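# Examining the three-dimensional arrangement
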Amino acid sequence: KSGGKDRSMNTSEQELFWCLCRFLDPDRERIAALLQAGAGTPAVLGQLLYNRMAGVAYHVLTKTVTQDLTSREFRNILRDDRFLSIEKNQSFVQCRNLVTDILEKSDAEYALLKGAYLCELYPPGCRTANDVDVLTEGKWITAIGNALQEAGFRQGYLKGGMFVPASRKEIIHRKITRGETVPYFLEVGLPYMPYLEVDINFSLDYKNTIDTALPAFVSEAALRGIGANQCRTLSDPHFLLHLCMHLYKEATTYPWVQMGRDMNLYKFCDLYVILMQYTLQDYKTLAAEAEKHGLLAPCCWVLSAMQELFGTEDPMLLGFLARYAPGDLQKLDRVVDPAGKREFVYENMDLRQRFFAGNRVSLLREVQGDA
């Protein structure tokens, strides 16, 4: 036992955490004042590491020249995490390029998702990825699986750092119940990445999107990136919409809340990075694509959540939400338990307070019907 008593982060610690996450528009004076007041505590450090924002935080400290206002342990841990992330990303990019080479030689239509494209949009060491996520239609799963297996990949799981092959029953069950395949693994022996994992997704997990969004998203995918480091990924509006749908699923599904993986900040940070580069035309295109595929309401909920968490005051984002967010946006802020056929609402609607709650399940209240 530590011998100490657990405590919640105070207001200054929470404010410093958010300041260190806003790396595109940091407030140097406020960060300096908070650090000089002693807000750079182990609690803040732990939240940054837990939410995979340590590299971003060290980037902010160096960008604002405030690193010497922290304790040695605070800045060194953030610095070392960023250096580690830079090396890990070098391994990941090699793996991502390998998957691209394999899948480009197949006849399948597909797109790489999330970190496969995003890790190089951030400053070095600020965004890492653990695996390569592939989005495709069901008709291409066999072709993609065959291409991976011919390259030496096997389906299974990592347990205790060791590969364990999946049974035929497990492979079939996961495909039917979760809209994805059992992961594919290849032993690559790279720094911080002994195995390369590839996850194939063939569902967006929303019934009203299966017939329209998924085929449109995949068919319009194209090679994007810088120089030789290109990968086939979704168009700009589809990429953002997929991030929104993925985040909305996690934030509103009971098992994810139980695991504490419903509000991982690095995923909201991905939206912050993309939207800080958006133009009015980008927002118009996003609205059109979201409306076309019936995704506008959950998209608005996620973007509103990102705006509240990061405290951004971008007039284009606020204008988009004012025009397109449904009047009953809070009704989307519900958690569904698919297995138990139950639905919950949060007692506390403040997203920042909810974010720092040690046990968000305890904040849920079960509701009946349309209550």
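Details of the structure are given in the entry above.
This one's a predicted model, so the numbers in the text were calculated from it and none came from an experiment.

Rules used throughout
Residues numbered from 1 in each chain as written. Predicted model: local features only at pLDDT ≥ 70, side-chain atom pairs only at ≥ 80, totals over all residues. Heavy atoms only, no water. Helix = DSSP H or I, 4+ residues; strand = E, 2+ residues; numbered from the N terminus. Contact = heavy atoms within 4.5 Å. Areas by Shrake-Rupley, 256 points an atom, 1.4 Å probe, with all protein chains shown as cover. Lys, Arg positive; Asp, Glu negative; His and termini not counted. Charge placed at Lys NZ, Arg CZ, Asp CG, Glu CD. Core = buried A, V, L, I, M, F, W, Y, C linked by side-chain atoms within 4.5 Å. Buried < 20%, exposed > 50% of the residue type's maximum accessible area, 1.4 Å probe, protein only. Salt bridge = Lys/Arg side-chain N within 4 Å of Asp/Glu carboxyl O. Pairing = 2+ DSSP bridges. Axes fitted to C-alpha atoms, helices over the stretch in contact; angles between N-to-C directions. Parallel < 35°, antiparallel > 145°, perpendicular 65-115°, else oblique. Nonpolar A, V, L, I, M, F, W, Y, C, P; charged D, E, K, R; others polar. Left-handed = near helix turned anticlockwise from the far one by under 90°. Phe/Tyr/Trp six-rings, centres within 6.5 Å; stacked < 30°, edge-to-face > 60°.

## Regarding the overall build of the protein
- Looking only at helices and strands, one finds 16 helices and eleven strands in the protein.
- Taken along its principal axes, the extent of the C-alpha atoms in the protein is 60 × 50 × 50 Å.
- Sequence separation of 24 or more characterises 70% of the internal contacts of the protein that already satisfy a separation of 6 or more.
- If you sum the accessible surface of the protein, you get close to 17,700 Å²; carbon and sulfur atoms cover 51% of it.
- Across the protein, the 42 positively charged side chains and the 46 negatively charged ones have centroids separated by 4 Å.

## Looking at the nonpolar core
- Phe17, Leu48, Leu265 and Leu303 are the most contacted members of the largest nonpolar core, which has 107 residues in total.
- A total of ten residues in this core trace back to one element, the largest contributor, which is helix H14 (residues 296-310).
- Once residues within four sequence positions are removed from consideration, Leu265 is found in contact with Phe17, Trp18, Cys21, Asn51, Met53, Leu309, Phe310 and Phe355.
- The next biggest cluster of nonpolar side chains, apart from the first, holds six residues, and it includes Val257, Phe344, Tyr346 and Leu364.

## Topic: the pattern of salt bridges
- Taken as a whole and assessed by the stated rule, the structure comprises 16 salt bridges.
- As a salt-bridge pair, Arg79 and Asp80 come within 3.0 Å of each other at their nearest N and O atoms.
- Relative accessible area serves as the criterion here: at 27%, Arg79 is assigned to the partly exposed category.
- Given the relative accessible area of 41%, Asp80 is considered partly exposed.
- The partner of Asp337 in a salt bridge is Arg342, with the nearest N and O atoms 3.0 Å apart.

## Quick look at the sheet that holds strand S9 (residues 334-337)
- Judged by pairing direction, the sheet is antiparallel, and its three strands sit side by side in the order S9-S10-S11 without closing on themselves. Looking along the sheet, the strands with just one partner apiece sit at the ends: S9 and strand S11 (364-367). Between one strand axis and the next, the sheet turns by 35° as a mean value, whatever way the strands run.
- In this structure, S9 lies alongside strand S10 (residues 342-346), joined through four bridges in antiparallel fashion.

## Describing the environment of Asp80
- Here Asp80 shows up in helix H5 (residues 72-104).
- C-alpha of Asp80 to C-alpha of Leu243: the two residues are 163 residues apart in sequence and 29 Å apart in space.

## A closer look at the packing of helix H3 (residues 42-50) against H5
- At their nearest, the axes of H3 and H5 sit 10 Å apart, and the two run at 10° to each other. Relative to H5, H3 is oriented roughly parallel. Listed contacts from H5 to Val44, Leu45, Leu48 and Leu49 of H3 are Phe74, Ile77, Leu78 and Asp81.
- For the contact of H3 with H5, the class distribution of residues is seven nonpolar, no polar and one charged.

## Topic: the packing of helix H1 (residues 11-21) against H3
- Close contact between H1 and H3 brings their axes to 9 Å; oriented N to C, the two are set at 40°. Considering their axes alone, H1 and H3 lie oblique with respect to each other. For the pair H1 and H3, the sense of crossing is right-handed. Residues Glu13, Leu16, Phe17, Leu20 and Cys21 of H1 form the contact with H3, whose own contacting residues are Ala43, Val44, Gln47 and Leu48.
- Split into classes, the residues belonging to the contact of H1 with H3 amount to seven nonpolar, one polar and one charged.

## Digging into the packing of aromatic side chains
- Tallying each qualifying case throughout the model produces 17 aromatic pairs.
- Pairing Phe320 with Tyr324 gives two aromatic rings, centres 5.1 Å apart and planes at 45°, and the pair type is tilted. Note that Phe320 and Tyr324 are positioned in helix H15 (residues 315-324) at a spacing of four residues, about one turn of the helix.
- The buried category is assigned to Phe320, whose relative accessible area is 3%.

## Let's talk about the pairing of strand S3 (residues 154-159)
- Sheet analysis places S3 next to strand S5 (residues 184-190), joined by two bridges and oriented antiparallel. By the bridge assignment for S5, Arg154 is matched with Phe185.
- Inspection of the sheet shows S3 paired to strand S4 (residues 162-165) by four bridges, in the antiparallel sense. When the sheet's bridge partners are listed, Leu158 is paired in S4 with Phe163.
- Connecting S3 to the antiparallel partner S4 that follows it, the hairpin turn spans two residues, and Gly160 within it adopts a positive phi of roughly 65°.

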